[in-house]
2 protein chains.
Amino acid sequence: MFTKPTLILDEAKCRKNIEYMAHKAKQLGVTYRPHFKTHQSIVVGRWFRDYGVERIAVSSIPMAQYFAADGWGDITIAFPFVKQQADAVNELANQISLTLVVSSIDNAKDLVSLVAHSVNILIEIDSGQGRTGVQPYDLESLDSIINMLNQNLLTNFVGFLTHAGHSYGVSARDIRELNNQTISRLLPLKQRYPSAVLSYGDTPTSVVAETFIGIDELRPGNNAFFDMQQASNGICSPEQIAVGLACPVVARYPNRNLVAIWGGAVHLSKDFYIDAAGNKSFGAICRLNDDGSWGQPIGDLYLESISQEHGMVRVGSPKAMESIGEDDFLVVLPAHSCLTVDAMGEFWVNGKYTKAMPRY
Amino acid sequence: MFTKPTLILDEAKCRKNIEYMAHKAKQLGVTYRPHFKTHQSIVVGRWFRDYGVERIAVSSIPMAQYFAADGWGDITIAFPFVKQQADAVNELANQISLTLVVSSIDNAKDLVSLVAHSVNILIEIDSGQGRTGVQPYDLESLDSIINMLNQNLLTNFVGFLTHAGHSYGVSARDIRELNNQTISRLLPLKQRYPSAVLSYGDTPTSVVAETFIGIDELRPGNNAFFDMQQASNGICSPEQIAVGLACPVVARYPNRNLVAIWGGAVHLSKDFYIDAAGNKSFGAICRLNDDGSWGQPIGDLYLESISQEHGMVRVGSPKAMESIGEDDFLVVLPAHSCLTVDAMGEFWVNGKYTKAMPRY
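Being a predicted model, the structure only gives us computed values, none of them experimental.

**Section: the overall build of chain A**
Argument step 1. In terms of helices and strands, chain A carries 12 helices and 19 strands.
Argument step 2. Summarising its shape, the C-alpha atoms of chain A cover approximately 70 × 40 × 35 Å along the three principal directions.
Argument step 3. A total of 360 residues make up chain A; the buried ones form 54% of that total.
Argument step 4. Taking all contacts inside chain A whose residues are at least 6 apart in sequence as the whole, residues at least 24 apart take part in 64%.

Below you can see the structure in the form of structure tokens.
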């Protein structure tokens, strides 16, 4: 059916995932600003418009340029301002409604000194992940940054942005508590700076939590595709995963309970998850149907190891070996769909290949 | 100096690494057939010709096509035959001296039924890694495969190929023993099939071991660039690493001993190594010089975590924070250079950008 490892995208599943979040955001009365770093595709981006989405988030200037060229007019670059990209930023700010993020005092200084067109600014808050952002209790730094922004006519301070990335290792039943804790760190900012908006929303909290007090917009990205990391934490079911990597089967080792596929780290990247049996897995394994859809993950099978182009599927039982029969392809549901999409740069959707964003 | 994360390639270091191996192979009286999956670059490939290299190994048909188009006339595809690529294989076999690998009985059956032009065949042996290949003691399978090959006029059985990938986690001082053990598993094959050649040689054994009894060719790839996985095992020194990812510094957190860079999993892939202090590290950190070279790895600094586009550099001391001063870039020596090259798809070498092989 294919001649190479092929990332199949199931449009119906993807649309269902988008629709769920668009509907939820509407019910909550918050803006749904999906993060497009997961799919990096103009084709997929257009699907979001059918659910009322007009504002998006991206993770780099090149990605903002890519989507702006397809008519997206309100883009947040949810990454600290990169001063080396100032020229491209200023050019883009002249074309669309651009929101930039500053993530530390020195980062804000760089921005203020280089900005040449009017832009909206969100200050990033570290709400518990320990990655980028100002600490929410560090009012001295926050006041200092806001003063800097207010003194420049081109930098329009609009509020705060956070990414609760520490939610990724948390099971669905603990997400609500993490969500409440995280938001409780942000709410004092809303009291101190009443006009500020709060931009929030990783996939686990956005999908699972019900209350988002004080939050103005949600920016999940992964939920459009989901993956086995999310499924293994109970954030989604495997049936909701919208992308599967079809991999040619190249060799079978019934005596060693292994099957080799053409599908490795250059296709999947190298993230993993811990499956229900406690195995470190690089992906769940399904059968490929003739129409390009795939079946349920096959019990007793998982992607045990990957090297550059090799994938080794562990087969737990003779019955499991039998279940994959003489199949020419196996479908890997990826551990981390965002990185798999980035590694592949291309989808097969509705019977044809479509390129995602080129490397920058 | 750059406007984006940029993979700098140091030609002098790379040539020294190539020259070392070419010289060693000559001294040993074996063929040096470098694996080109590490650099995936026509430009770098041409450097090898200066050291007498005429035969290469690659990891996929598209990669074989890419290098054949640049005049390489003797290519081994060191990956199990992919039946879905049979048309491309047959076309290529008509153009160059092509050597294919079969890795199991079913894999050999597929090849024999689809081959349409004369090709050389190596049977892959699992010499201890536990990945692909026939077990060296499984003479029944080996005889059966060789019979299949001998009955087809187009498949010219020439010998055996193995990849001792289990050498990657082994320190330099234990490599010789591993090498001797591995080769001792192969030597009975040489006795049983006297005309068969033995193709061997991952980077750790090729670089460190001195004796390769019965081995006819070495196929290391990573040694042209090396990386921190190799350095952490003592296979090379950090000064021999020929590629560094220059990453814009975006935010500093002196109170949290962290520096954020634009350089994440989409640039480096997601392999790691354990550094001398026992840290899980995604790369060593160096200063970028004005001419595009880089300094020694800075003690007390390492790349502690990466997400899609973020890299977080852990700074172990105020002195270390001081040592990176106000630098606009930091250079990451990657954990695994092959995957970093594949993720980037481009080098900056001698003052200009050059593309590597495009995604297939």
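That shown, we press on.
**Re the pairing of strand E4 (residues 74-80) of chain A**
All names here are of chain A.
Argument step 1. Among the seven residues in E4, six count as buried, and that is most of the element.
Argument step 2. With three bridges joining them, strand E3 (residues 56-58) and E4 adopt parallel strand pairing. Of the residues in E4, the one forming a bridge with Val 58 is Ile 77.
Argument step 3. In this view, the connection linking E3 to its parallel neighbour E4 by way of helix H3 (residues 61-68) has right-handed handedness.
Argument step 4. Sheet topology places E4 next to strand E5 (residues 97-102); four bridges connect them, and they run parallel. If you follow Pro 80 over to E5, its bridge partner there is Val 101.
Argument step 5. In this view, the connection linking E4 to its parallel neighbour E5 by way of helix H4 (residues 86-93) has right-handed handedness.

**Side note on helix H4 (residues 86-93) of chain B**
All names here are of chain B.
Argument step 1. Buried within H4 are the following residues: Val 89, Leu 92 and Ala 93. In an axial view of H4, the angular spread of the buried residues amounts to 100°, which keeps them on one side of the axis.
Argument step 2. The elements touched by buried residues of H4 are helix H3 (61-68), strand E5 (97-102) and strand E6 (119-124).

**Section: the pairing of strand E16 (residues 310-315) of chain A**
Residue and element names in this part refer to chain A.
Argument step 1. Of all six residues in E16, five are buried, a share of seventy percent or more.
Argument step 2. As defined by bridge partners, strand E11 (residues 258-262) adjoins E16 across five bridges and the pair is classed as antiparallel. Paired with Val 259 across the bridge in E16 is Val 313.
Argument step 3. Sheet topology places strand E15 (residues 301-306) next to E16; five bridges connect them, and they run antiparallel. Bridge pairing links Ser 305 to Met 312 in E16.
Argument step 4. If you look at the hairpin formed by E15 and E16, you'll find three residues sitting between the two strands.

**Quick look at the interface of chain B and chain A**
Argument step 1. Listed as interface residues are 41 residues of chain B and, on the opposing side, 42 residues of chain A.
Argument step 2. Within the residue set of the side of chain B that touches chain A, elements represented by two or more residues are strand E4 (74-80), helix H5 (105-114), strand E10 (243-253), strand E11 (258-262), helix H10 (265-268), strand E16 (310-315) and helix H12 (337-344) of chain B.
Argument step 3. With five residues, E10(B) is the single largest residue contributor to the side of chain B that touches chain A.
Argument step 4. Here the side of chain B that touches chain A is composed, by residue class, of 16 nonpolar, 15 polar and 10 charged.

**Remarks on the domain arrangement of chain A**
Residue and element names in this part refer to chain A.
Argument step 1. Here chain A is described as being made up of domain 1 (11-225) and domain 2 (238-355).
Argument step 2. Look at where the C-alpha atoms of domain 1 and domain 2 centre, and you get two points 32 Å apart.
Argument step 3. Each partner contributes residues to the interface: domain 1 has 14 residues there, and domain 2 has 12 residues.
Argument step 4. In terms of residue count, the dominant contributor to the side of domain 1 that touches domain 2 is helix H1 (residues 11-28) (four residues).

**Topic: the packing of H3(B) against H4(B)**
All names here are of chain B.
Argument step 1. Axis separation between H3 and H4 bottoms out at 10 Å; the angle between their running directions is 30°. By the angle between their directions, the pair H3 and H4 is classed as roughly parallel. Helix-helix and strand crossings are classified by hand; for H3 and H4 the assignment is left-handed. Judged by residue contacts, Ile 61, Ala 64, Gln 65 and Ala 68 of H3 engage Ala 88, Val 89 and Leu 92 from H4.
Argument step 2. Of the residues in the contact of H3 with H4, the class split is six nonpolar, one polar and no charged.

**Focus on the relation of the copies chain B and chain A**
Argument step 1. Least-squares fitting of chain B to chain A yields an RMSD of 0.0 Å, with the superposition described by an axial translation of 0.0 Å and a rotation of 180°. What we have between these two chains is a two-fold relation. Residue B:Lys270 of chain B places its C-alpha closer to the rotation axis than any other residue of that unit, at 2.6 Å.
Argument step 2. The share of interface residues of chain B whose copies in chain A are also at the interface is 100%, consistent with both copies meeting through the same surface.

**Some details on the environment of A:Thr132**
Residue and element names in this part refer to chain A.
Argument step 1. The residue Thr 132 is located in the loop between strand E6 (119-124) and helix H6 (139-150) in this model.
Argument step 2. A tally of 26 C-beta atoms within 10 Å means that Thr 132 is categorised as buried.
Argument step 3. A sequence separation of 30 residues divides Thr 132 from Val 102, and the C-alpha atoms of the two residues are 9.6 Å apart.

**Here we look at the sheet that holds strand E3 (residues 56-58) of chain B**
Strand-to-strand pairing in sheets goes through backbone hydrogen bonds, with the strands running parallel or antiparallel.
Residues and elements named next belong to chain B.
Argument step 1. An order of E2-E9-E8-E7-E6-E5-E4-E3 is seen for the eight strands of this open sheet, with the pairing classed as parallel. In the strand order of this sheet, the two ends are held by strand E2 (31-32) and E3, each with one partner.
Argument step 2. The sheet contacts of helix H6 (residues 139-150) involve E5, E6 and strand E7 (155-161), and relative to E7 the element is tilted by about 150°.

**Considering unusual backbone geometry**
Argument step 1. With a phi close to 50°, A:Gln40 is a non-glycine residue in the positive phi region.
Argument step 2. In this structure, B:Asn257 takes a positive phi of about 55° despite not being glycine.
Argument step 3. On the secondary structure map, B:Asn257 appears in the loop between E10 and E11.
Argument step 4. Residue classification places B:Asn257 among the partly exposed positions, given that 17 C-beta atoms sit within 10 Å.

**A closer look at the environment of B:Asn233**
Residues and elements named next belong to chain B.
Argument step 1. One can find Asn 233 in the loop between helix H9 (228-232) and E10.
Argument step 2. Judged by the 21 C-beta atoms lying within 10 Å of it, Asn 233 is buried.
Argument step 3. With 59 residues separating them in the primary sequence, Asn 233 and Asp 174 have C-alpha atoms 9.9 Å apart.
Argument step 4. Setting aside chain neighbours within four positions, we find Asn 233 in contact with Val 170, Ser 171, Ala 172 and Pro 204.

**So, the sheet that holds E4(A)**
Residue and element names in this part refer to chain A.
Argument step 1. Across the sheet, eight strands lie side by side as E2-E9-E8-E7-E6-E5-E4-E3; this open sheet has parallel pairing. Edge positions in the open sheet fall to strand E2 (31-32) and E3, since each of these has one partner strand only.
Argument step 2. Sheet topology note: the E6/strand E7 (residues 155-161) ladder contains six bridges and is parallel. When the bridges of E7 are listed, Ile 123 appears paired with Phe 160.

**Focus: the environment of B:Gln151**
Argument step 1. Relative to the helices and strands, B:Gln151 is located in the loop between H6 and E7.
Argument step 2. On a C-alpha basis, the gap between B:Gln151 and B:Val112 in space is 9.1 Å, while along the polypeptide they are 39 residues apart.

**A word on the packing of H1(A) against helix H2 (residues 42-49) of chain A**
All names here are of chain A.
Argument step 1. At a minimum axis distance of 10 Å, the contact between H1 and H2 shows a crossing angle of 45°. The orientation of H1 with respect to H2, classified from their angle, is oblique. Pair H1 / H2 crosses with right-handed handedness. Packed against H1, whose contacting residues are Cys 14, Arg 15 and Ile 18, the element H2 presents Val 44, Trp 47 and Phe 48 at the interface.
Argument step 2. Of the residues in the contact of H1 with H2, the class split is five nonpolar, no polar and one charged.

Rules of the game
Residues numbered from 1 in each chain as written. Chains lettered and ligands numbered in written order. Predicted model: local features only at pLDDT ≥ 70, side-chain atom pairs only at ≥ 80, totals over all residues. Helix = DSSP H or I, 4+ residues; strand = E, 2+ residues; numbered from the N terminus. Buried ≥ 20, exposed ≤ 12 C-beta atoms within 10 Å, placed from the backbone. Contact = placed C-beta atoms within 7 Å. Pairing = 2+ DSSP bridges. Right-handed = clockwise from strand over helix to strand, strands pointing away. Arc of directions from axis to C-beta. Nonpolar A, V, L, I, M, F, W, Y, C, P; charged D, E, K, R; others polar. Domains from an automatic or database assignment. Axes fitted to C-alpha atoms, helices over the stretch in contact; angles between N-to-C directions. Parallel < 35°, antiparallel > 145°, perpendicular 65-115°, else oblique. Left-handed = near helix turned anticlockwise from the far one by under 90°. Least-squares fit on C-alpha atoms with pLDDT ≥ 70 in both.

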